[in-house]
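For reference, the chains in residue letters:
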Amino acid sequence: RAQFLMDMIDTTTEMGKGMISMYMKYDALRFSGYIQPQFQMAQSRGAQSYAGGNFPAASDNRFTLRRGRIRVDYERYNKQDMPVVQFAFQFDGTERGVNIRDFYGRFFETKFNLFSLVGGMFARPFGYEVNLSSADRETPERGRMSQILMRTERDLGAMVSFEPRRKDHPLRFLKIDVGAFNGQGLTATTDFDSHKDFIGRIAIKPRKIKGTKSQLSGGVSVLYGGMQQFTKQIRTMGTTDGKPAFMIDSSVSNVGKIAPRHYYGADVQWKISNGEGKGFTQFRAEYLRGRQTATALTTETPGVIPVEADGRLQPLYIRNFDGAYLYYIQNLGSIKHQAVLKYDWYDPNTKAKGKDIGAPGAGLTPADIRYNTVGIGYLYYANEHLKFMVYYDWVTNESTDLDGYKDDLKDNVLTCRMQYRF
Amino acid sequence: RAQFLMDMIDTTTEMGKGMISMYMKYDALRFSGYIQPQFQMAQSRGAQSYAGGNFPAASDNRFTLRRGRIRVDYERYNKQDMPVVQFAFQFDGTERGVNIRDFYGRFFETKFNLFSLVGGMFARPFGYEVNLSSADRETPERGRMSQILMRTERDLGAMVSFEPRRKDHPLRFLKIDVGAFNGQGLTATTDFDSHKDFIGRIAIKPRKIKGTKSQLSGGVSVLYGGMQQFTKQIRTMGTTDGKPAFMIDSSVSNVGKIAPRHYYGADVQWKISNGEGKGFTQFRAEYLRGRQTATALTTETPGVIPVEADGRLQPLYIRNFDGAYLYYIQNLGSIKHQAVLKYDWYDPNTKAKGKDIGAPGAGLTPADIRYNTVGIGYLYYANEHLKFMVYYDWVTNESTDLDGYKDDLKDNVLTCRMQYRF
Amino acid sequence: RAQFLMDMIDTTTEMGKGMISMYMKYDALRFSGYIQPQFQMAQSRGAQSYAGGNFPAASDNRFTLRRGRIRVDYERYNKQDMPVVQFAFQFDGTERGVNIRDFYGRFFETKFNLFSLVGGMFARPFGYEVNLSSADRETPERGRMSQILMRTERDLGAMVSFEPRRKDHPLRFLKIDVGAFNGQGLTATTDFDSHKDFIGRIAIKPRKIKGTKSQLSGGVSVLYGGMQQFTKQIRTMGTTDGKPAFMIDSSVSNVGKIAPRHYYGADVQWKISNGEGKGFTQFRAEYLRGRQTATALTTETPGVIPVEADGRLQPLYIRNFDGAYLYYIQNLGSIKHQAVLKYDWYDPNTKAKGKDIGAPGAGLTPADIRYNTVGIGYLYYANEHLKFMVYYDWVTNESTDLDGYKDDLKDNVLTCRMQYRF
């Protein structure tokens, strides 16, 4: 074996050449992945949940593989150590099937080392939570609002990014993304209309606050998109007898117009060091509002042209929404132990509240109900490849006059998860 | 290029750093995979078969990709060379689609180096054949019993293992697994009830028999699970006019109870050396019995709540079963050549035999028929990455009084397979 | 870190052993992949297209991930540096799902180093375009003919190849493939009949033309297959009143016979150097003709036994077809810039032309229409991992007497693509 190694570093032998060739092959390649098996208990059988999806009708506990991701990255740098090209393939494999997640390429210009062009399937450049990987997140799931408005986070499109890559660039703290997208993301196999969504985000990267041990980051985002109205039946909020209600608009001229999908958001992150080896105190907040087009019974962006079971086009419902989340994350005297407290709300229809929902003739549905969620969790970081998470979601809905939604639903969920990553 | 290699071992250069970083990246990572293309001929068109699935109605020969597996393992060890964490991602890709197989993580405690905790999708810790990979197996398929009772072998759950990892531990020959599982494995996308299956296994690893050139191993296993009865229609075996028949029980109190899935098994493996370079003689046996809940026409555990085409709940059938297999594996004077002889049976309903099945009013169906299979095969190991296999399955069913099953079916199958692995 | 590297090349340390083991593990393994995101505009909404599939009914532009491939190859050589075994796993992941592409193994005999045996899912050994990877091709898609006759290019089967591997072999310019295949490729999950397709190809590898800076290659191919006739309804072309029309043959004896799938093709490639660093001028041509069996409304080989919506067997249509493509590829004074001009046609029914199609009683359908396509494209090779492609497909159909096909359809397509590969 000693001979073997002498061969290995001798470039005139096959082995030496093999070594160089292997180095060349694998240096630019990076493999990573994570697996998140979990056991969950819900407060009732068939609980509707955004903590990993609804429970089956007859079950209130389950093992699931929440995520199983394997990813291959390829990155090349030039002689100035500036990136030239990067691309990523990521698969998600669970008991529910195998699908792609990130599948994109990024091309970097190397004249200014400022701009890059991305094409493919990648996370929408909107907000903070949407772009934070579950492998890094301190909670099992994104908030209800993020899941409904931007299911699977990703979309097919192209994006230009401004992000200085030279270490001495005066705008190095800045990142600006602007892109065009199909709109439906991974919820359908193709775009159903010709209208594209435009998304932009300006972000300030973490900056130290002078005279403190803390750093601040944040951003503002806008999604300005929409979907073509194939139906003439458009519903928007107004008032009937002084009470909020959906107004029926059936003008023929509605057909062909673009129904709005307009989101505006701002987010901020504050991270305070607790001292060497003691971890951090972190606060995060994000607020979103805007106008969303969907259908009577959901506020999720349709993946296909929405039709009834009999094939007739469904009316489109345009609602004003808002929502937010707040995180408080605290290491418990050690980087191995961490507690997290999260509050989030999503109000899919800001013009209707409580008992208005369910009033006869208002046309309001369960999709108009506001939900508040308080989550409390404990994380144990066993090592760099494994963390354990115990998390309880305490979900509260508005009390309405709709049957089945007059009181708080029994939909709290306890999640026990192992998170492996490499 | 000589300079290149000098750079490579010089830690102050970028190349040297890259080399270390590459070593770190790839040392813990392991890729493996196998591909099993095959050509098969059946005795008749549309033959029902457990040798790779039923033949299409109008075909008696076919090329198939029986399995195409690619797997990524990640393993970390501590300074005492004891494992700390291991996780695995395995995909199966064939012309029938892409699915996951193993997707699990294992966490090892390093205080005693005795216990580990596994979570995710992994092979049920039951029996020997279920846990023997097709890449290592000498026959193309597991026995009919293993396939019906534990389709795809794997299930979602969590398991604690006792297996001493220190070389000098007095119980190093022992392995004990105890786990809880959803029950449906990869046959459905989620658990349909709240009841979990418990599985346990105690195994003795291969031990040399004193004064011989042979070694012995074995184990005992139990699966103690069940499924919720959503229907009140429960069928169990009894007798009508002294003849075995399914009894109809329609008590309302049946609803909500747990129908049994109880398996008990024992297995033994005996491996005798034929001398240096001449390979081995091997015998393997495994016997299972228990009570299984399924439906009228199959004894496979349902993946979803079983309903008729019109949506009504199907009655549940509870049957006592048993089954076994026997292997005789013989190297032919060389490790390159090997012959295998296998006998297995599966009796899905031990209380009904032959002509009883099909007797009017007994309610017995083709799912109650016992099958015996004799398999004979020849294997050629071309190199460590490729073996060729020719195998003939001679399948015999009981002669019953059911139309279509009065004689032995023409369902023998010849399999010609190439098995690649790395 | 210096110590680390000294350890690394010291075979007596764990690190040294690890290094050898890593080298062994990864030397035979090769990862590759490509991603092709694109934006397309069609001349009309819902355009029927072979430039990446039909447009959705209400859309004339779209982002798509045309292909996302990741591939693992494993190759072993013997001491004479001759290949012993090779196998490949390739997945395709896009927003439309995850599927396999190449999944095959190849076994090389090492006595003569002439023959090899392939088994699994791999490209049919027919023609030039079918076997040219999209990563290398200068156009976004294969021609209409290739796509219709050999959808997804690959099929399940086994093939023997003759290809001298010793550098000094007198027949080193020659490659001969002969194989048997299921027939349906990746369009179905299994073969629906017992009949197999035989495919053969003789190819001359690129050979320098004496006294020139150009090289020539080419080949001839034959596919001799078919499908079982389950229906007695067979349609072949004849004449009615002197006009071409499908003849109805309903003989009971048709059932069980084999309907033809016979293709005959020849291809040639001519590559002329433009001088150092200036790239090449290339011409490629391929012509196919034969007899194809399909159904009334398509000439694509069925993946399953073709039935009507109500379950009745569809009549089979047997047509004589021909088709061809011509490429002219020109580097623009640099290997970074390239222009391509392509003409292809596919005439699915050579016995019916123009206004004959749509004549009352002839039974001809849109599937009988000939299409000509002129494609013009510009490629920019940014680096070895990325090329940009802008390509316009100008598609012309015959003017027929069929409603909706009396004039040229508005189905031209502009494709803007980024192609990443590693």
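What you are looking at is a predicted structure, and each value in this text was computed from that prediction instead of being measured. In every chain, residue numbers begin from 1 and rise along the written sequence. Each chain is given a letter, starting from A, and each ligand a number, starting from 1, according to the order in which they appear as written. It should be noted that, the model being predicted, local features are given only for residues of pLDDT at least 70 and side-chain atom pairs only at 80 or more, the latter also being counted only at that level, while totals for whole chains, interfaces and linings use all residues. For side-chain calculations, the full set of non-hydrogen atoms in the structure is used, while hydrogens and water are omitted.

**Student:** Any chance you could explain the overall build of chain A here in plain terms?
**Tutor:** Broken down by element type, chain A carries 3 helices and 18 strands. Buried residues are those whose accessible area, probed at 1.4 Å on protein chains only, stays under 20% of the maximum for their type, while exposed residues exceed 50% and partly exposed ones sit between those limits. Burial statistics for chain A: of 422 residues in total, 58% are counted as buried. Put simply, of all contacts in chain A between residues at least 6 apart along the chain, 62% involve residues at least 24 apart. When the accessible surface of chain A is split by element, carbon and sulfur atoms take 58% of a total near 17500 Å². In this count, Lys and Arg are taken as positive residues and Asp and Glu as negative ones, while His and the chain termini are left out. To locate a charge, take NZ of a lysine, CZ of an arginine, CG of an aspartate or CD of a glutamate. Where the 57 positive side-chain charges of chain A centre and where its 45 negative ones centre are 4 Å apart. By the criteria applied, helices consist of DSSP H or I runs no shorter than four residues and strands consist of E runs no shorter than two, each listed in order from the N terminus. Pairs of residues are marked as contacts when any of their non-hydrogen atoms sit within 4.5 Å. To measure how exposed things are, a 1.4 Å probe is used in the Shrake-Rupley method; for residues, cover is taken only from the protein chains shown.

**Student:** I tried to follow the interface of chain B and chain A on my own but got confused; where do I start?
**Tutor:** Reports of interface size often rely on the accessible area that becomes lost once the parts have come together. Taken together, the contacts link 55 residues of chain B with 48 residues of chain A. Buried area adds together the accessible area that both of two parts lose upon being put together, with accessible area traced by a 1.4 Å probe. In total, chain B and chain A occlude about 4000 Å² of area from one another, counting both sides; carbon and sulfur atoms represent 76% of this. Any pair of nitrogen or oxygen atoms within 3.5 Å is treated as a polar contact; in protein, a donor-acceptor pairing is required on top of that, and neighbouring residues in sequence qualify only through side-chain atoms on both sides. Between the two partners, chain B and chain A, sit 12 residue pairs in polar contact (both at pLDDT 80 or more). Ranked by residue count, the leading element in the side of chain B that touches chain A is strand β4 (residues 97-108) of chain B, at 8 residues. Residue classes in the side of chain B that touches chain A are distributed as 36 nonpolar, 12 polar and 7 charged. We call Asp, Glu, Lys and Arg charged. Ala, Val, Leu, Ile, Met, Phe, Trp, Tyr, Cys and Pro are nonpolar, and the rest, Gly among them, are polar.

**Student:** What exactly am I supposed to notice about unusual backbone geometry here?
**Tutor:** Leaving glycine aside, a negative phi is the common case for residues, and trans is the common case for peptide bonds. Residues and elements named next belong to chain B. Phi at Asp81 is positive, roughly 65°, even though this residue is not glycine. Among the structural elements, Asp81 can be located in the loop between β2 (61-77) and β3 (83-94). Phi at Thr152 is positive, roughly 60°, even though this residue is not glycine. Inspection of the secondary structure assignment puts Thr152 in the loop between α3 (144-149) and β6 (154-162).

**Student:** Got a minute to help me understand the relation of the copies chain C and chain A in this structure?
**Tutor:** Each of the two copies of the chain can be brought onto the other by a rotation about an axis and a shift along it. A residue counts toward the fit only if its pLDDT is at least 70 in both copies, and the copies are then superposed by least squares on the C-alpha atoms of those residues. Note on the identical chains: chain C maps onto chain A by a rotation of 120° and an axial translation of 0.0 Å, with an RMSD of 0.0 Å. The symmetry that links the two subunits is that of a three-fold axis. Within chain C, Val98 of chain C has its C-alpha nearest the rotation axis, a separation of 3.8 Å. Comparing contact sets, just 19% of the residues at the interface of chain C also lie at the interface in chain A, consistent with a heterologous contact between different surfaces.

**Student:** Got a minute to help me understand the pairing of β6 of chain B in this structure?
**Tutor:** Moving residue by residue along a regular strand, the side chains alternate between the two faces of the sheet. All names here are of chain B. Most of β6 sits inside the fold, with 7 of its 9 residues counted as buried. The sheet contact formed by strand β5 (residues 115-123) and β6 spans 9 bridges and is antiparallel. Bridging from a neighbouring strand, Leu117 pairs with Val160 of β6. Bridging between β6 and strand β7 (residues 174-181) involves 6 bridges; their strand directions are antiparallel. Opposite Ala158, over in β7, you have Ala180 as the bridge partner. Two strands qualify as a pair provided that DSSP identifies no fewer than 2 bridges between them.

**Student:** Help me out: how do you make sense of the nonpolar core in this one?
**Tutor:** The nonpolar side chains of a soluble globular protein tend to be buried, and buried together. The definition of a nonpolar core used throughout is a set of buried Ala, Val, Leu, Ile, Met, Phe, Trp, Tyr and Cys residues joined through side-chain atoms within 4.5 Å. The biggest cluster of nonpolar side chains holds 86 residues, and the ones touching the most others in it are Phe91 of chain A, Phe91 of chain B together with Phe91 of chain C. When sequence neighbours within four positions are dropped, the list of residues in contact with Phe91 of chain C reads Phe91 of chain A, Ile70, Phe91, Gly93 and Val98 of chain B together with Gly68, Arg69, Ile70, Val98, Asn99, Ile100 and Phe103 of chain C.

**Student:** Help me understand the interface of chain C and chain A in this model?
**Tutor:** Residue-level contacts link 48 residues of chain C with 55 residues of chain A. The largest per-residue losses of area from chain C upon contact with chain A belong to Tyr23, Phe63 and Glu95 of chain C, which jointly make up 18% of the total buried on that side. A pairing counts as a salt bridge when a side-chain nitrogen of Lys or Arg comes within 4 Å of a carboxyl oxygen of Asp or Glu. Where chain C packs against chain A, one counts 0 salt bridges. Summed over the shared surface of chain C and chain A, the number is 12 residue pairs in polar contact (both at pLDDT 80 or more). At the level of secondary structure, the elements contributing two or more residues to the side of chain C that touches chain A comprise α2 (14-27), β1 (29-42), β2 (61-77), β3 (83-94), β16 (371-383), β17 (386-397) and β18 (413-421) of chain C.

**Student:** I would appreciate a short explanation of the packing of aromatic side chains in the present structure.
**Tutor:** The relative placement of two aromatic rings is captured by the distance of their centres and the angle of their planes. What counts as a ring pair is set by centres within 6.5 Å for rings of Phe, Tyr and Trp (its six-membered ring), and what kind of pair is set by the plane angle: stacked under 30 degrees, edge-to-face over 60, tilted for all other angles. Applying the stated criterion to the full structure yields 84 aromatic pairs over all chains. Summarising the aromatic geometry, the rings of Phe283 of chain A and Tyr328 of chain A are spaced 5.3 Å apart at their centres and angled 15° between planes, so their arrangement reads as stacked. With Phe283 of chain A in strand β13 (residues 280-294) and Tyr328 of chain A in strand β14 (residues 316-331), this pair connects stretches of sequence that are 45 residues apart. A residue is classified by how much of its surface remains accessible, and Tyr328 of chain A, at 33% relative accessible area, is partly exposed. For the pair Tyr325 of chain B and Tyr327 of chain B, a centre-to-centre distance of 5.4 Å together with 90° between the ring planes defines the contact as edge-to-face. In terms of burial, Tyr325 of chain B and Tyr327 of chain B fall into one category: buried. When the ring centre of Phe280 of chain B is taken as reference, the NZ or CZ atom of Lys271 of chain B above it lies at 4.4 Å. Should the NZ of a Lys or the CZ of an Arg lie within 6 Å of a ring centre and within 35 degrees of the ring normal, that charge is described as sitting over the ring.

**Student:** Looking at this structure, I do not really get the environment of Arg284 of chain B. What am I missing?
**Tutor:** All names here are of chain B. By the element assignment, Arg284 lies in strand β13 (residues 280-294). Assessed through its relative accessible area of 6%, Arg284 is described here as buried. Spatially, the C-alpha atom of Arg284 lies 30 Å from that of Asn182, the residues being 102 residues apart in sequence. Contacts of Arg284, omitting those with residues within four sequence positions, involve Tyr128, Leu132, Glu138, Val268, Gln269, Tyr325, Leu326, Tyr327 and Ile329.

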